[in-house]
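Listed below, chain by chain, are the residues.
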Amino acid sequence: MSGVRQLPAYILGAAAVLALVFADQLNSYWMHVAIIAMYYGILASSWSLLAGSVGLFSLSHMAFAAIGAYTSALLIKWFGIPIPLGMVAGVVMCCVVGGLIGWVCLRMSGPYLAIFTLGFSEIVRITIATEDDVTAGMAGLHTDPLIAGAATRLPYFYTAFALLALSLLVMGLLVRSRWGLFLRAIREDEQAAAASGVAVARFRILAFAIASGFAGLAGGFYAHYIPIITPSMGDLNEMAKLVVMTVIGGMERLPTAVGGAIVVEFLLEELRDYGQWRLPLFGIILLLTMRFARNGLLTPIWLRFVRLGEAPGGAPPGIGEEKGSEA
Amino acid sequence: MNWDYFFVQFANGAVIGVIYAMIAVGVTLIFSILKIVNFAHGDLYMLGGYCAYYVIELLGFPPLAAMFVSMVALFVLAIMLERLMLTPLYSDTTERKDEYGLIVTFGLAYFLRNIAVIAFGPFPLKPPSFIPGVLRIDNLILTNDRLVAAGVGIALMAGLLYFMRRTIWGQALDAVSQSRDSASIVGINPRRFNSFAFGIGAALAAAAGALVAPIFSLAPDMGVLPNIHAYVIVILGGMGSVTGSIIAGVMLGEAENLFTAYFPDPTRAFAYSNAFGLVILMLFLVFRPQGLFGRRHLRME
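The paragraphs below set out a description of the structure included in this document. (Residues numbered from 1 in each chain as written. Chains lettered and ligands numbered in written order. Predicted model: local features only at pLDDT ≥ 70, side-chain atom pairs only at ≥ 80, totals over all residues.)

## Side note on the packing of helix α1 (residues 3-34) of chain B against helix α10 (residues 242-262) of chain B
Residue and element names in this part refer to chain B.
(1) Moving on: At a closest axis distance of 6 Å, the pairing of α1 and α10 adopts a crossing angle of 140°. One element, α1, and the other, α10, form an angle in the oblique class. Of the two elements, α1 crosses α10, and the hand of that crossing is right-handed.
(2) Moving on: Considered class by class, the residues forming the contact of α1 with α10 number 16 nonpolar, nine polar and one charged. (Axes fitted to C-alpha atoms, helices over the stretch in contact; angles between N-to-C directions. Helix = DSSP H or I, 4+ residues; strand = E, 2+ residues; numbered from the N terminus. Parallel < 35°, antiparallel > 145°, perpendicular 65-115°, else oblique. Left-handed = near helix turned anticlockwise from the far one by under 90°. Nonpolar A, V, L, I, M, F, W, Y, C, P; charged D, E, K, R; others polar.)

## Description of the interface of chain B and chain A
(1) Moving on: Taken together, the contact pairs 37 residues of chain B with 35 residues of chain A.
(2) Moving on: For the side of chain B that touches chain A, the secondary-structure elements that each account for two or more residues are α4 (97-120), α9 (224-237) and α11 (266-287) of chain B.
(3) Moving on: Sort the elements by how many residues they give to the side of chain B that touches chain A and α4(B) lands first, with 15 residues.
(4) Moving on: Residue classes in the side of chain B that touches chain A are distributed as 29 nonpolar, three polar and five charged. (Contact = placed C-beta atoms within 7 Å.)

## Details of the environment of B:I23
Residues and elements named next belong to chain B.
(1) Moving on: Looking at where I23 falls in the secondary structure, it is placed in helix α1.
(2) Moving on: In this structure I23 comes out as buried when scored by C-beta crowding, with 31 C-beta atoms within 10 Å.
(3) Moving on: With residues near it in sequence (within four places) discarded, I23 still touches H41, Y45, A205, A208, P226 and A230. (Buried ≥ 20, exposed ≤ 12 C-beta atoms within 10 Å, placed from the backbone.)

## A word on the nonpolar core
(1) Moving on: In this structure, A:Y39, A:A207, B:M22, B:A206 and B:A207 are the most contacted members of the largest nonpolar core, which totals 207 residues.
(2) Moving on: The leading source of residues in this core is α1(B), at 17 residues.
(3) Moving on: Not counting the four nearest positions on each side in its chain, B:A207 is found in contact with B:M22, B:G48, B:M67, B:M71 and B:L156. (Core = buried A, V, L, I, M, F, W, Y, C linked by C-beta atoms within 7 Å.)

Structure, rendered in structure tokens:
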């Protein structure tokens with residue numbers, strides 16, 4: 001029985017192995033698209049942790065990616081530290097700043113939080129763009145490649161894949177743990193959660209710190225994949241793109257958020273012939289998704305997939321798995 | 001100190017402040033009735049500007065008449081958008097309405113901005129002036145367009161205040177903003193006022209867009225910054241307070257213009273003038289979320 005219940009996990013594992021083995025069949029262009037899609041996948045999943053699971057609709061997620069990218073790039077430029085260490089520094093920086101933001105806006109929710117984070121995001125972008133003697137401003141900051149002398153993009157593909165898998169693993173464990181239950185309780189009703197003994201303040205700060213840390217990780221990877229970073233990687237258009245991806249996929253589950261990022265990124269490339277029309281098209285899809293299928297377009301597919309191999313009428317998976325760790 | 005420079009900057013700040021206030025009043029009105037922050041408000045402002053431009057260019061209307069046409073057009077468009085997209089906000093079966101309102105208006109903004117690039121082109125357009133020429137008092141020089149923008153803006157906002165204080169519809173609007181349930185008990189249909197508030201907000205934004213067009217010209221992304229400024233103003237003036245928004249709008253216009261004018265490093269002054277407003281926004285959200293003159297009955301969350 002349990003072997004059959006694990007069927008979706010085996011299928012996912014097999015798909016991952018196939019993707020890794022046959023990745024070198026992709027031409028350079030589509031491999032680049034896949035890498036960028038995985039970059040957005042990390043961002044979309046961490047944003048869905050924040051906005052979907054905890055209900056903190058933050059608009060500064062891309063700003064955290066920019067903070068991670070610039071922190072890493074600048075530390076490497078100034079002190080010559082190894083690149084992985086720079087990326088770790090970016091993640092730590094984002095965790096700290098994200099935790100601070102989470103702490104400062106503890107009492108805000110809904111629209112106020114969105115406006116506050118929008119303000120923060122714009123301040124970050126303006127500062128990076130204006131302090132051009134430090135950050136090279138809009139001209140863009142040149143960064144060192146993560147894998148020096150890589151002949152193809154394949155090593156980057158593997159790195160992005162590993163980072164995405166790591167992020168999903170950590171966040172997936174978090175969401176499934178007792179803490180994840182607390183986070184969802186905060187989303188549903190903060191006061192009721194507090195009354196039931198959830199340390200609302202601590203978990204809101206924690207969620208902000210963790211989600212921002214993963215945004216910083218994505219940003220750090222991006223900085224050392226694309227040899228030049230500009231402040232616009234953290235602007236509101238990028239944020240809107242992230243919202244489009246996550247909501248179309250389904251913002252309440254990590255896999256659907258990642259799926260949304262990958263599908264939208266590939267479609268944006270595939271539909272390049274339509275030029276400017278792609279963006280309003282995805283705007284319309286976002287609006288229709290919100291209006292008629294709020295759980296996201298990939299959620300029904302995912303739920304059906306997860307229930308593969310389950311006895312008809314059986315309990316949905318996940319319910320028995322919330323034993324979890326100590327809070 | 002150069003007083004001429006100061007007065008020119010002061011006058012410019014007042015004009016910009018009036019324009020900001022017109023946008024912010026719409027945001028605050030929509031918030032007080034629909035309980036959502038309209039992220040697409042700056043894009044309605046942009047559409048209003050373009051609408052007036054095409055009414056002038058294609059139909060040959062005088063600029064001021066075109067502004068009124070644009071207001072009516074955006075009033076109707078906004079009501080259509082509200083009916084199409086925002087009705088789930090009033091349904092009891094919709095969960096987490098804040099989230100719905102945020103994402104839908106954010107998506108609407110994304111859609112409108114990108115469709116505007118296609119429809120109007122990425123290049124700035126400039127409609128003819130309301131009244132060409134400049135006003136000159138000693139060394140104080142102001143273009144007539146700026147005077148018209150400020151004058152018409154003040155008149156429209158005075159009209160709105162009169163409407164909200166002295167007419168039965170305006171009082172009904174205020175009643176809905178204070179309590180939807182009580183308003184419906186005394187026979188006001190809150191749903192009608194949802195559309196109405198959204199329409200009025202959009203019409204004011206459209207007027208602001210039309211008034212600004214001859215001064216700064218039109219571009220598809222022209223709504224982004226004023227939208228953010230509108231949030232600063234709305235937080236300063238207190239969410240839901242129309243008078244507060246008007247006062248805070250003029251204050252922000254002044255503060256930013258004088259900040260730009262007197263910031264020690266002129267190359268960075270403009271960029272940081274925007275950040276300056278945002279710092280005010282964040283400080284107020286943390287320390288005084290009800291704003292300078294906030295109405296306490298509006299919930300914080």
